[in-house]
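This is what each chain is made of:
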Amino acid sequence: MVHIGNDWDQLLKDEFEKDYYQQLRRFLAYEYKHYKIHPDMYDIFNALKYTSYQDVRVVLLGQDPYHGPNQAHGLCFSVKKGVMPPPSLKNIFKELQDDVGCTIPSHGELVKWAKEGVLMLNTVLTVREGHANSHANKGWEILTDRIISILNDRSEPIVFLLWGRNAQNKSAMITNPHHLILKCAHPSPLSAYNGFFGCRHFSKTNQFLKQHGYAPIDWQIDE
């Protein structure tokens, strides 16, 4: 049984008992036994563990975890300390510096953002090493769509950061007028110059939060 350790347990209790999730569990048991799967099985739900439902102020949607060795740890775009930040993350830090003046850290572990209220959720939570999207369409999307829908229903305003087409496809689910949706190109080197650089999403997020009486996100990643 899944144990997250905060209010998500109650909110997702019924979901974890549904047939699709039981099938997903069986699929994952096989995959973890026979292949190298990322992240470590104890890190799969880190996005929810670090950011409880009541603490969510921002949702950053990713696609699926990094599929290189030791990169993924359950938070989209984040890599563990000691792992070289991938190109997309380097571009995120560059925009962060240009937008709000954050200094670029020497590592790419974004746990601090999660603790600030940024839910860093991939739409698929596991991947086979070296094979991007290998766990797509196995059931994860049903669960993560449910999470997005639960957040959409919340009366307190949330900022949804949708970078790239995959994330933007979820915008149809975000119908609550209290929330702010910010869209732009993906920070990957292939598309960052098509609208990610200069999007100023970090300052726009904080402006929105302050307008609604919430503390801004401290985006600076500490050394």
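In the block above lies the structure referred to throughout.
Residues numbered from 1 in each chain as written. Predicted model: local features only at pLDDT ≥ 70, side-chain atom pairs only at ≥ 80, totals over all residues. Heavy atoms only, no water.

Caption draft 1: Representation of the environment of R154 in the model. The residue R154 is located in the loop between α6 (140–152) and β5 (159–163) in this model. For the pair R154 and L143, spaced 11 residues apart in the sequence, the C-alpha separation amounts to 17 Å. Aside from chain neighbours lying at most four places away, what touches R154 is Y53, Q54, V56, N176 and H179. (Helix = DSSP H or I, 4+ residues; strand = E, 2+ residues; numbered from the N terminus. Contact = heavy atoms within 4.5 Å.)

Caption draft 2: Region of the structure containing the sheet that holds strand β2 (residues 58–62). Reading across the sheet, the four strands line up as β3-β2-β5-β6 and stay open at both edges, with parallel pairing between neighbours. Two strands in the sheet have a free side with no partner beyond their single neighbour: β3 (118–122) and β6 (180–184). In this sheet, adjacent strand axes meet at a mean angle of 20 degrees when their direction is disregarded. Here β5 runs beside β6; their pairing, made up of five bridges, is parallel. In the strand pairing of β6, W163 is matched with C184. (Pairing = 2+ DSSP bridges. Axes fitted to C-alpha atoms, helices over the stretch in contact; angles between N-to-C directions.)

Caption draft 3: View of the pattern of salt bridges. Using the criterion set out here, one finds 11 salt bridges in the structure. Here K18 and E15 are joined by a salt bridge, their closest N and O atoms 3.1 Å apart. On the accessibility criterion, K18 (38% relative accessible area) is partly exposed. Judged by relative accessible area, E15 falls into the buried class, the value being 6%. Salt bridges here are not isolated pairs; linked through shared partners, they connect E15, K18 and R146. (Salt bridge = Lys/Arg side-chain N within 4 Å of Asp/Glu carboxyl O. Buried < 20%, exposed > 50% of the residue type's maximum accessible area, 1.4 Å probe, protein only.)

Caption draft 4: Inspection of helix α8 (residues 201–211) at higher detail. By the burial criterion, the buried members of α8 are H201, F202, T205, N206, F208 and L209. Considered in projection along α8, the buried side chains sweep an arc of 160 degrees and stay on one side of the axis. For α8, the exposed residues lying more than 90 degrees away from the buried face are K210 and Q211. Where α8 is buried, its residues meet β2, α4 (87–100), α5 (111–116), β5 and β6. Backbone geometry just downstream of α8 places G213 in the positive-phi region, at approximately 80 degrees. (Arc of directions from axis to C-beta.)

Caption draft 5: Geometry of the packing of helix α1 (residues 8–17) against helix α2 (residues 19–34). At their nearest, the axes of α1 and α2 sit 5 Å apart, and the two run at 75 degrees to each other. Of the possible angle classes, the one that applies to α1 and α2 is roughly perpendicular. Two secondary-structure elements touch here, α1 through E15, F16 and E17 and α2 through D19, Y20, Y21 and Q22. Split by residue class, the contact of α1 with α2 holds three nonpolar, one polar and three charged. (Parallel < 35°, antiparallel > 145°, perpendicular 65-115°, else oblique. Nonpolar A, V, L, I, M, F, W, Y, C, P; charged D, E, K, R; others polar.)

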